[in-house]
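# Structural characterization, general
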Number of protein chains: 2
Amino acid sequence: MNTADDLSGRSTDTPISVREIGSFHVGGEMVSLTGMPPRVRISTNNGAAHPIDPNGEVIVGQMYVQYVKLAAPRSSSPMLLWHGGGMSGVNWETTPDGRPGWQMYFLRAGFDVYVSDAVERGRASWAPYPEVYEEAPYFRTAKEAWEETFRFGAAGTWHTDPALRRPHAGVRFPVARMEAFMNQFVPRWAINNARTQLAYDALLARLGSSIVLTHSQGGNFGLTAALHAPERARAVVSLEPSGAPDPEKSDPALLRDVPRLFVWGDYLDAHPFWVRSLPAVRRWADALSAAGADVEWIDLPARGITGNTHALMADDNSDVVAGIVLEWLQRRGL
Amino acid sequence: MNTADDLSGRSTDTPISVREIGSFHVGGEMVSLTGMPPRVRISTNNGAAHPIDPNGEVIVGQMYVQYVKLAAPRSSSPMLLWHGGGMSGVNWETTPDGRPGWQMYFLRAGFDVYVSDAVERGRASWAPYPEVYEEAPYFRTAKEAWEETFRFGAAGTWHTDPALRRPHAGVRFPVARMEAFMNQFVPRWAINNARTQLAYDALLARLGSSIVLTHSQGGNFGLTAALHAPERARAVVSLEPSGAPDPEKSDPALLRDVPRLFVWGDYLDAHPFWVRSLPAVRRWADALSAAGADVEWIDLPARGITGNTHALMADDNSDVVAGIVLEWLQRRGL
């Protein structure tokens, strides 16, 4: 039994009683595409060729949200799970090594869970470029994921041959399942921060008081959403946020009453992206603390939990990390 | 109470007991991207600019599958829900007018339900073009959806101003929720039929004996998947398939033991795309019948159910149509 089992009384094979599974989109606006040449398409094998006019109205900027509502949630606040960059809500589902993910974990712990796909990702859809998005997308490569963002191994240790990949000693990510993790990658753009923030803000406005739990790029959106509507954020849990608001531009005192948890894994010093990214987050956390907010900054290795990567919810001890988050929430009556 | 309630004993507000919600990807292969120029990106607000090398390994051709497994399914065969073109599995979730969709319907009726996002759609991700996919994608416009594919109104009746849209008389699609339906549209390509079929075949191979329920473009994939593995298809339900195998090229006798249901809505004669597309499907259904298969072809208006569009699972009588499917399955002991 891990910490979380002790706390929640849940078992990983007890059924949950579900009132409804469903989804909706928030945000988005209709735009008209014009000036594009007509095309002709065969839409199915053995089908007839038919004309396609690419001009007309499409919706852009929408975000997808899938919810699972329990028959009898133990928490009065729903848990919102916001993924990171180049990812979708799939990150919170079954882990690459086939175990139940954090969506199931927090359902079993008694929360209604809302998993979103941010603007441009997964089931949120995306808009034409360069007609609507101003640039081409970025496709995450295995090397970037392995050596830089997710910290599975040091620079130069990714290899297409699994036998020749050299992960960090003691790494908790199931590296034999790298391809399963890569299946979850989706393209991203760097020009949609404003559209995405609008959609996240719209989600909080729709749901009201919620617990926001974010990963990586989702972190800055979550921290900023709380800034835009402190009364709607019951708590904000940030797993390795890649950025944060700037205390010179935003007032941390607005967030005095919103409890904050930051969780960090291992190998941070060995990866330039994280060496560059972490100070801005530390600065915001310190500013929140100075303003009187309840802020906890958990460095897992300092607690003796070593080997965690940036993929905290996919590492082989993902339930232990979830248990730490759950305990933190429960100590605050959530 | 509608037909479906009578048949299944379910109620739309009785909780369901769920053993697990999770997901996986099937299909896909690793490819190496080369020769692309380096880029520089700022990945989050207030973040540092950092170099991005777009070259390297990505996975292409994978398909996403989300499952909900019941604690005590009434059916021994899972229900696989395969969406149509320019769509994702979201089609089977909450309807545009906010009612539970077919995913919930068949869960309440006692089936484990697997909702997929086909290759290139939604959470399946997509690959760079022209580097991997040979052409640019198609974005569904409102006009195409309204006037052609989904048959909400005749040619010339779409308008950006909702007050000026002129739907067919008696239409069952909740036209006031057109924008919510548009939120579900995702880009499509016309060059991925082979990749997509491989992924669907891999899904059936993974799950074994299953009920395949398809919509529109998913129809041809479902009919072909059954042809590739008749022993794995317990039944195939095709909602308005846009295409079908060609009996000159494929042997319908292979499918003698696979029960088939085809369901068609209203206004088909008024829309050239359907006038062109339907005969190939009719030809395949007739060939299956001639080969001795159990084939039912339901024309809803002929049963007195008028006003259904191509969005049968989103129309305001979606539960009635689901009930017809459920009754057909139950009569076959599924």
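Placed above this text is the structure.
To keep things clear, this report deals only with the structure shown in the data block.

Quick notes on the rules
Residues numbered from 1 in each chain as written. Chains lettered and ligands numbered in written order. Predicted model: local features only at pLDDT ≥ 70, side-chain atom pairs only at ≥ 80, totals over all residues. Least-squares fit on C-alpha atoms with pLDDT ≥ 70 in both. Contact = placed C-beta atoms within 7 Å. Helix = DSSP H or I, 4+ residues; strand = E, 2+ residues; numbered from the N terminus. Nonpolar A, V, L, I, M, F, W, Y, C, P; charged D, E, K, R; others polar. Pairing = 2+ DSSP bridges. Buried ≥ 20, exposed ≤ 12 C-beta atoms within 10 Å, placed from the backbone. Right-handed = clockwise from strand over helix to strand, strands pointing away. Core = buried A, V, L, I, M, F, W, Y, C linked by C-beta atoms within 7 Å. Axes fitted to C-alpha atoms, helices over the stretch in contact; angles between N-to-C directions. Parallel < 35°, antiparallel > 145°, perpendicular 65-115°, else oblique. Left-handed = near helix turned anticlockwise from the far one by under 90°.

## Looking at the relation of the copies chain A and chain B
- Between chain A and chain B, which share one sequence, the superposing operator has a rotation angle of 180 degrees and an axial displacement of 0.0 Å; the RMSD is 0.0 Å. Here the copies are linked by what is in effect a two-fold axis.
- When the interface residues of chain A are mapped onto chain B, 100% of them are again interface residues, pointing to one common binding face.

## Let's talk about the interface of chain A and chain B
- With 70 residues of chain A at the contact, the number on the chain B side is 70 residues.
- Sorting elements by how many residues they give to the side of chain A that touches chain B places strand 1 (residues 16-33) of chain A first, with 12 residues.
- In terms of residue class, the side of chain A that touches chain B is made up of 31 nonpolar, 28 polar and 11 charged.
- Pairing of strand 1 of chain A with strand 1 (residues 16-33) of chain B involves 3 bridges; the strand directions are antiparallel. When the sheet's bridge partners are listed, S17 of chain A is paired in strand 1 of chain B with S17 of chain B.

## Looking at the pairing of strand 6 (residues 113-117) of chain B
Residue and element names in this part refer to chain B.
- Counting buried residues along strand 6, 5 of its 5 residues qualify, which places the element largely inside the surrounding structure.
- Where burial is concerned, the two faces of strand 6 agree: the one with V113, V115 and D117 and the one with Y114 and S116 are both buried.
- For the handedness criterion, the β-α-β arrangement of strand 5 (residues 79-82), helix 2 (residues 102-108) and strand 6 is classed as right-handed.

## Comments concerning the environment of E20 of chain A
- Inspection of the secondary structure assignment puts E20 of chain A in strand 1.
- Given 18 C-beta atoms within a 10 Å radius, E20 of chain A is considered partly exposed.
- Taking the C-alpha atoms as reference points, E20 of chain A and Y67 of chain A, separated by 47 residues in sequence, lie 7.9 Å from one another.
- Excluding residues within four positions of it along the chain, E20 of chain A makes contact with K69 of chain A together with P100 and M104 of chain B.

## Some thoughts on the nonpolar core
- Counting residues in hydrophobic clusters, the biggest one holds 182 residues, and the most contacted among them are L81 of chain A together with L81 of chain B.
- The residues touching L81 of chain A, leaving out its near neighbours within four places in the chain, are G89, W92, W102, Q103, V113, Y114, V115 and L213 of chain A.

## What to know about the packing of helix 5 (residues 193-207) of chain A against helix 6 (residues 217-228) of chain A
All names here are of chain A.
- Remark: helix 5 packs on helix 6, axes separated minimally by 10 Å, with the N-to-C direction vectors making an angle of 55 degrees. Taken together, helix 5 and helix 6 sit at an angle that is classed as oblique. Note that helix 5 runs across helix 6; the crossing there is right-handed. Across the interface between the two elements, T196, Q197, Y200, D201 and L204 from helix 5 touch F221, T224, A225 and H228 from helix 6.

Any link to function would need more than the numbers given here.
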